[in-house]
Amino acid sequence: MDDDLLIGAHMSISGGVEKSLIRGESVGCKTIQIFTKSSNQWKAKNLLKEDIERFHNNKQKTGITNIVAHDSYLINLASPKDDLRQKSFEAFVIEMERCRDLGIKSLVMHPGSHTGAGEDNGLKTITDQFNSILNLTKGWDVNVLLETTAGQGTNLGYKFEHLAYIIDNVDQKDRLKICFDTCHVFAAGYDISNEEGYNKTMDHFEKILGLDKISVFHLNDSKKGLGSRVDRHEHLGNGELGENPFRFIMNDARFHQVPKILETPKGKEMEEDKVNLALLRSLAK
Ligand code: MN
Ligand code: MN
Ligand code: ZN
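Residues numbered from 1 in each chain as written. Chains lettered and ligands numbered in written order. Predicted model: local features only at pLDDT ≥ 70, side-chain atom pairs only at ≥ 80, totals over all residues. Heavy atoms only, no water.

Enquirer: Quick rundown of the coordination of the manganese ion (ligand 1)? Include the residues and the values.
Expert: H70 (NE2), H110 (NE2) and E147 (OE) make up the full set of protein donors to the manganese ion (ligand 1), lying at 2.1 to 2.2 Å. Here the donor residues of the manganese ion (ligand 1) are spaced in sequence according to H-x39-H-x36-E. Between the manganese ion (ligand 1) and the manganese ion (ligand 2), the interatomic distance is 3.4 Å, and E147 donates to each metal, bridging them. One end of the pair, H110, is in the loop between β4 (106-109) and β5 (112-113); the other, E147, is in strand β6 (residues 143-147), and 37 residues separate them in sequence. According to the relative accessible area criterion, E147 is buried, its value standing at 0%. (Donors = N, O, S within 2.8 Å, 3.2 Å for Na, K, Ca; no water. Helix = DSSP H or I, 4+ residues; strand = E, 2+ residues; numbered from the N terminus. Buried < 20%, exposed > 50% of the residue type's maximum accessible area, 1.4 Å probe, protein only.)

Enquirer: Account for the coordination of the manganese ion (ligand 2), naming residues and giving values.
Expert: In the first shell of the manganese ion (ligand 2), the protein supplies E147 (OE), D181 (OD), H218 (ND1) and E263 (OE), at 2.1 to 2.2 Å from the metal. One chain supplies every donor to the manganese ion (ligand 2), and in sequence these donors are spaced E-x33-D-x36-H-x44-E.

Enquirer: Could you give me a rundown of the environment of N194, with the residues and numbers involved?
Expert: Its location among the elements puts N194 in the loop between α6 (182-187) and α7 (195-208). Sequence separation of N194 and C29 is 165 residues, and the distance between their C-alpha atoms is 27 Å. Here E196 takes part through its backbone nitrogen, which lies 3.3 Å from a polar atom of the side chain of N194. (Polar contact = N/O pair within 3.5 Å; in protein donor to acceptor, adjacent residues only side chain to side chain.)

Enquirer: For the nonpolar core, give the residues involved together with the corresponding values.
Expert: Ranked by size, the top nonpolar core spans 77 residues in total, and within it F130 and L146 carry the most contacts. It is helix α3 (residues 82-102) that provides the largest number of residues to this core, a total of 7 residues. Those residues within four positions of L146 in sequence are excluded, and the remaining contacts are M109, F130, L163, I166, I167, L176, K177, I178 and C179. If you look at the next biggest cluster of nonpolar residues, it comprises 6 residues, including V68, C179, V216 and I261. (Core = buried A, V, L, I, M, F, W, Y, C linked by side-chain atoms within 4.5 Å. Contact = heavy atoms within 4.5 Å.)

Enquirer: Explain the sheet that holds strand β1 (residues 7-10) to me, and be specific about the residues and the numbers.
Expert: Strand order in the closed barrel made by the 8 strands is β1-β2-β3-β4-β6-β8-β9-β12, with parallel pairing throughout. If you compare each strand with its neighbour and ignore which way they point, the axes differ by 30 degrees on average. The pairing of β1 with strand β2 (residues 31-34) spans 3 bridges and is classified as parallel. Bridge pairing in β2 places H10 opposite Q33. The strands touched by α3 are β3 (66-70), β4 and β6; relative to β4, the strand with the most contacts, the crossing angle is about 150 degrees. Against the sheet, helix α9 (residues 271-283) contacts β1, β9 (214-219) and β12 (260-262), and its axis sits at roughly 155 degrees relative to β1. (Pairing = 2+ DSSP bridges. Axes fitted to C-alpha atoms, helices over the stretch in contact; angles between N-to-C directions.)

Enquirer: Break down the pattern of salt bridges for me, with residues and values.
Expert: Scanning the model with the defined rule gives 12 salt bridges in all. The residue E234 makes a salt bridge to K223 at a minimum N-O spacing of 3.2 Å. Taken together, the residues span a long stretch of sequence, with E234 in strand β11 (residues 233-234) and K223 in the loop between β10 (221-222) and β11 at a distance of 11 residues. For E234, a relative accessible area of 15% puts it in the buried group. Note on K223: relative accessible area 43%, which makes it partly exposed. Through salt bridges with shared partners, one network takes in E18, D51 and R54. (Salt bridge = Lys/Arg side-chain N within 4 Å of Asp/Glu carboxyl O.)

Below, the structure is given as structure tokens:
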């Protein structure tokens, strides 16, 4: 049955956070991802009590209760520069606070860029930041989802081992989960485009991180090739991945309960989301 497929797309919060839910419902989302604030600005208006109320009301109204947040692109917890790292730390805690207040339990983030300091230093820096962040937010019902990245520039997180290092070295391991982005994983060099490669990649993931760590999928096709280390999303089936990996994931019983979210380009009417979601439904047997 289509009805219990936990699929959806990233939705705009333009006009108010609560609008994202109505937009999602209008294209048939059963789950959505949002930025809780503008993704390319440091500053954010505080959420008012009314904003939070309207958000909760729309959750009820739409039945969309499985909601994921994504942090701002400016945040870099791996930065070797004290001022940027401190600013990132503070901004990230605010992101977590907004999730807590909106009742959002998953905050997806990109681990960070070492910007020349080297991968080992970068990973160590991120781990230190998370130990402080998780300590400061102890008891909050918000998990951090480290996203698998394409590995552009000095971006960390393009190897499963990077993510495992961070999780292994924080105190509150249970609060760190994974967001598996199909485009990024493929661009990073894991060939999930055919069945053998998909199985091999998932076996490797199981060994390094454990498949039960995957709390969200980002379902994006890739404009660029295997191992390109370039992050460019394409509509499902139209890129280098083709339809196969989406068929595998949609029919993999291990991931039935895991939200699957599109981050593909779209216009104001969101027709593209409807097409991609219809494809996912057709791929699910
Ligand atoms: Mn992302
Ligand atoms: Mn993503
Ligand atoms: Zn991406």
